[in-house]
Amino acid sequence: MRRLPISPRLRPYDNFLLDLDGCVWVGDDALPGAVDAVSALREAGKSILFLTNDVRRPPEGFVRKLWRLGFQASVEEVLSVGAALQFELAQHYSGTAFVVGSQALVDHVADAGLRVVNNTRFATRADLVVVGGHDDFAYEELKLAAQAVIRGAELIGATRDPNFPMPDGPWPGTGAVLAAIEVAAGRQASHIVGKPEAVMYAAALDRLGDGRTVGIGDRLDVDVAGARRAGLDSALVLTGGTTREQAEAAQPKPTHVADSLGDLVLG
């Protein structure tokens, strides 16, 4: 099998933080060149951690999708915002929680030791409201979450991502759902866990260990900003909706810009 050499500009890095949506895949399809790019990084002996703000699946679900699309990955190589949120909640919170989100997010909150009060008469009396976007978001969730926050519950958001790329165009993300709850309750979330916040990158760097690290993704306000805040170099790929003109106008600019992950790694 022919070995794929990586680009000289990436050779100095030991560790690679790879975003998923808009960088590795869009919807249910791997982006062109992404499988070869990840394989080339592995062949070069680089450490990889898939870092995602997607709260709709558990880490095992992301691993299954990666394998289905042709990537090799282990559970230890996936850090989802749900897992980071679970760690944060377990360290700093207790009591009851109302969860706006997928079953995966509900499970993360329960595994953190909180008592989930969804589908009970105590939903609006929760100590904590945890918010993540999901495909089945309903008005009833918005109503109960807002009522709980108005009654005094602390509000925590998984991310502030306004949207994420899909084949038919951007879909509303966790940030859109969180904003609706904040407006309805008249109060801002006290804490955000996912990229570009420090919690996510601290967990990622702890898992990777020593070495020079670069963060790769498709959003200036999330992936590039998060890497910069963590003191890391960044690489922006233009497969998730960010244009080259926006990349060139950014201050400060990403360390690297490429049309795709394939072009970045193999170009």
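Summarised in this report is the structure supplied together with it.

1. Some thoughts on the layout of surface pockets
No. 1: Roughly 370 Å³ of volume is contained in the largest pocket.
No. 2: Where the lining of the largest pocket is concerned, the elements lending two or more residues are β10 (163–164), β11 (171–172), α6 (174–185) and α8 (220–229).
No. 3: Along the lines of polarity and charge, the residues of the lining of the largest pocket split into eight nonpolar, eight polar and ten charged.

2. As for the sheet that holds strand β14 (residues 233–237)
No. 1: Spatially, β5-β4-β1-β13-β14-β15 is the arrangement adopted by the six strands of the open sheet, whose pairing is parallel. Looking at strand neighbours, the two that pair on one side only are β5 (78–80) and β15 (256–258), the edges of this open sheet. Mean inter-strand twist for the sheet, computed between neighbouring axes without regard to direction, equals 20°.
No. 2: Relative to β14, strand β13 (residues 213–217) runs parallel, the two being bridged by four bridges. Of the residues in β14, the one forming a bridge with I216 is A235.
No. 3: Contacts between helix α7 (residues 198–208) and the sheet are confined to β1 (15–18), β4 (47–52), β5 and β13, with β4 contributing the most and set at about 160° to the helix.
No. 4: Here α8 sits on the sheet and contacts β13 and β14; the angle it forms with β14, its principal contact strand, is near 160°.

3. Quick word on the nonpolar core
The nonpolar side chains of soluble globular proteins are, as a tendency, buried together.
No. 1: By size, the foremost hydrophobic cluster in this structure holds 34 residues, and its most contacted members are V24, F50, L66, I216 and L261.
No. 2: Within the residue set of this core, elements represented by two or more residues are β1, β2 (25–26), α1 (34–43), β4, α2 (59–68), β13, β14 and α10 (261–266).
No. 3: With five residues, α1 is the single largest residue contributor to this core.
No. 4: Other than its neighbours up to four places away in sequence, F50 contacts L18, L20, V24, V38, R42, L66, Q72, A73, E77, V78 and L79.
No. 5: Grouped together as the second largest cluster of nonpolar side chains are 27 residues, A97, L114, A204 and L232 included.

4. Looking at the packing of helix α5 (residues 139–150) against α6
Between two packed helices, both the angle of their axes relative to each other and the distance between the axes serve to describe the pair.
No. 1: Close contact between α5 and α6 brings their axes to 9 Å; oriented N to C, the two are set at 50°. As the angle between them shows, α5 and α6 are arranged oblique. Helix-helix and strand crossings are classified by hand; for α5 and α6 the assignment is right-handed. Contacts from L142, A145, A146, V149 and I150 of α5 reach α6 at A180, I181, A184 and A185.
No. 2: Along the lines of polarity and charge, the residues of the contact of α5 with α6 split into nine nonpolar, no polar and no charged.

5. Notes on the environment of V38
No. 1: With respect to the secondary-structure elements, V38 resides in helix α1.
No. 2: Once you skip the residues sitting within four places of it in the chain, V38 turns out to touch L18, I48, F50, F71 and L261.

Parameters and conventions
- Residues numbered from 1 in each chain as written.
- Predicted model: local features only at pLDDT ≥ 70, side-chain atom pairs only at ≥ 80, totals over all residues.
- Heavy atoms only, no water.
- 1 Å grid on protein atoms, 1.4 Å probe; cavity = no way out; pocket = protein on both sides within 12 Å on 5 of 7 lines; lining within 4 Å.
- Points joined across faces, edges and corners; volume = space filled by probe spheres on them.
- Helix = DSSP H or I, 4+ residues; strand = E, 2+ residues; numbered from the N terminus.
- Nonpolar A, V, L, I, M, F, W, Y, C, P; charged D, E, K, R; others polar.
- Pairing = 2+ DSSP bridges.
- Axes fitted to C-alpha atoms, helices over the stretch in contact; angles between N-to-C directions.
- Contact = heavy atoms within 4.5 Å.
- Core = buried A, V, L, I, M, F, W, Y, C linked by side-chain atoms within 4.5 Å.
- Buried < 20%, exposed > 50% of the residue type's maximum accessible area, 1.4 Å probe, protein only.
- Parallel < 35°, antiparallel > 145°, perpendicular 65-115°, else oblique.
- Left-handed = near helix turned anticlockwise from the far one by under 90°.

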